[in-house]
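Results of the structural survey
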Amino acid sequence: MDHLETLRCFIAVADAGGFAAAARRLGVSATAVTRAIAALEARLSVLLFQRSTRTVRLTEAGERFLADCRPLLTDLQEAEQAARGAQADPQGLLAITAPHMFGMRHVAPIVQDFLHAQPRVQVRTLFVNRLVHLLEEGMDVAVRIAHLPDSGLTAVQVGTLRRLVVASPAYLAQHGEPRHPADLVAHRAIGFSFDNNSVSPWKFKDGVVGQPHFSWVSNSNEVDIAAAESGLGLTRCLAYQAAQGVRAGRLRVVLAAHEPPPVPVHIVYPAGRRAPAKVRAFVEFARERLSAEPVLQGRGLTRKA
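Criteria and thresholds
- Residues numbered from 1 in each chain as written.
- Predicted model: local features only at pLDDT ≥ 70, side-chain atom pairs only at ≥ 80, totals over all residues.
- Heavy atoms only, no water.
- Helix = DSSP H or I, 4+ residues; strand = E, 2+ residues; numbered from the N terminus.
- Rg over C-alpha atoms; globule rule 2.2 N^0.38 Å.
- Buried < 20%, exposed > 50% of the residue type's maximum accessible area, 1.4 Å probe, protein only.
- Contact = heavy atoms within 4.5 Å.
- Axes fitted to C-alpha atoms, helices over the stretch in contact; angles between N-to-C directions.
- Parallel < 35°, antiparallel > 145°, perpendicular 65-115°, else oblique.
- Left-handed = near helix turned anticlockwise from the far one by under 90°.
- Nonpolar A, V, L, I, M, F, W, Y, C, P; charged D, E, K, R; others polar.
- Pairing = 2+ DSSP bridges.

Quick notes on the overall build of the protein
- Along the backbone of the protein there are 9 helices and 14 strands.
- For 305 residues, the compact-globule formula gives about 19 Å, and the C-alpha radius of gyration of the protein, at 25 Å, lies well above that figure.
- If you line up the protein on its principal axes, its C-alpha atoms span 80 × 40 × 30 Å.
- Classification of the 305 residues of the protein by burial places 41% in the buried group.
- Here the analysis covers contacts within the protein between residues at least 6 apart in sequence; of these, 72% occur between residues at least 24 apart.

Below, the structure written as structure tokens:
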């Protein structure tokens, strides 16, 4: 077995989680696969798999080697297809992650339309309010609402989101509208906290801080918006979270003149131009849709007549 086929065996074992399953997938004997992996480990002088009677798992060195090998073999496969006059079609399982509320409102509809357009692709979504490590958690694409640190990921910016303070018209009629962040000390608010324990003061433009009285702290943006719509107080949120309530007249934006800079929204994925066809197809599909979303372009917060 040549070195290229050995690398294909390595990836098959990693994906299948076992030598016998990899052998069936490749159409070779389990003995051939076992020998190929042993030869590769000897060549590299490193253990790539932890073996037991029940499981075969990648070692830390194996995980790094897999991350390096996979895009190289993808490049080779696509080059071979191009040489034969074929174009790689999007196919296979595509794993996508996004913040929970943004995923439900904006990513899920895009996935539905993408699957209609690409029937050979299957999608797994993970919508959670935490940082998902793409390689460690087996994700292909992520939507990130944040200023991104330097990393090896490719990032495509699709817009920005305003950071708003909103309240119901009924609350503002009863308690008055704050004109400056300093006025917040006289107001009730619903705060957001990842750990559902503590909430930080609200920061505004030029580092100005406002400190309302938090009568309710939750770890759910949906809960905060609903509480604000019911008249319990002010809440702080990203524009997409309040857009429906503002357009319907259930919420009003306050302190707009003091808003901090908007937060960028990116689609991120590993491998850049070497990404599989399914990833490139979805990124382009989602880029077009999200770039046309008014709330991501600073619009879409006008009450409908």
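A closer look at the packing of helix α1 (residues 3–16) against helix α2 (residues 19–26)
- Contact geometry for α1 and α2: axes closest at 8 Å, N-to-C directions at 120°. Comparing their axes, α2 and α1 come out oblique. For the element pair α1 and α2, the recorded crossing hand is right-handed. The segment α1 lies against α2, with Arg8, Cys9, Ala12, Val13, Asp15 and Ala16 engaging Phe19, Ala21, Ala22, Arg25 and Leu26.
- Looking at the contact of α1 with α2, its residues break down into 8 nonpolar, no polar and 3 charged.

Looking at the sheet that holds strand β13 (residues 252–254)
- As summarised here, the arrangement of the 5 strands in space is β11-β8-β12-β7-β13, forming an open sheet in which the pairing is mixed. The open sheet has two edge strands with one neighbour each: β11 (213–218) and β13. Across the sheet, the mean angle separating the axes of adjacent strands is 40° when strand polarity is ignored.
- When strand β8 (residues 188–192) meets strand β12 (residues 234–238), the two strands line up parallel, connected through 2 bridges. Across the sheet, Ala189 pairs through a bridge with Leu234, a residue of β12.
- Relative to the sheet, helix α8 (residues 239–248) contacts β7 (163–167), β12 and β13, its axis offset from that of β12 by approximately 120°.

A word on unusual backbone geometry
- The backbone phi angle of Ser45 is positive, close to 60°, even though this residue is not glycine.
- On the basis of relative accessibility, which here comes to 67%, the residue Ser45 falls in the exposed class.
- In the Ramachandran plot, Asp206 falls in the positive-phi region, its phi being about 60° despite a non-glycine side chain.
- Tracing the backbone through its elements, the reader meets Asp206 in the loop between β9 (202–203) and β10 (209–210).

Examining the environment of Thr34
- Counting through the fold element by element, Thr34 comes out in helix α3 (residues 30–44).
- Here Thr34 falls in the partly exposed class, since its relative accessible area comes to 38%.
- Taking C-alpha positions, Thr34 is 39 Å from Ile267, a pair spaced 233 residues apart along the chain.

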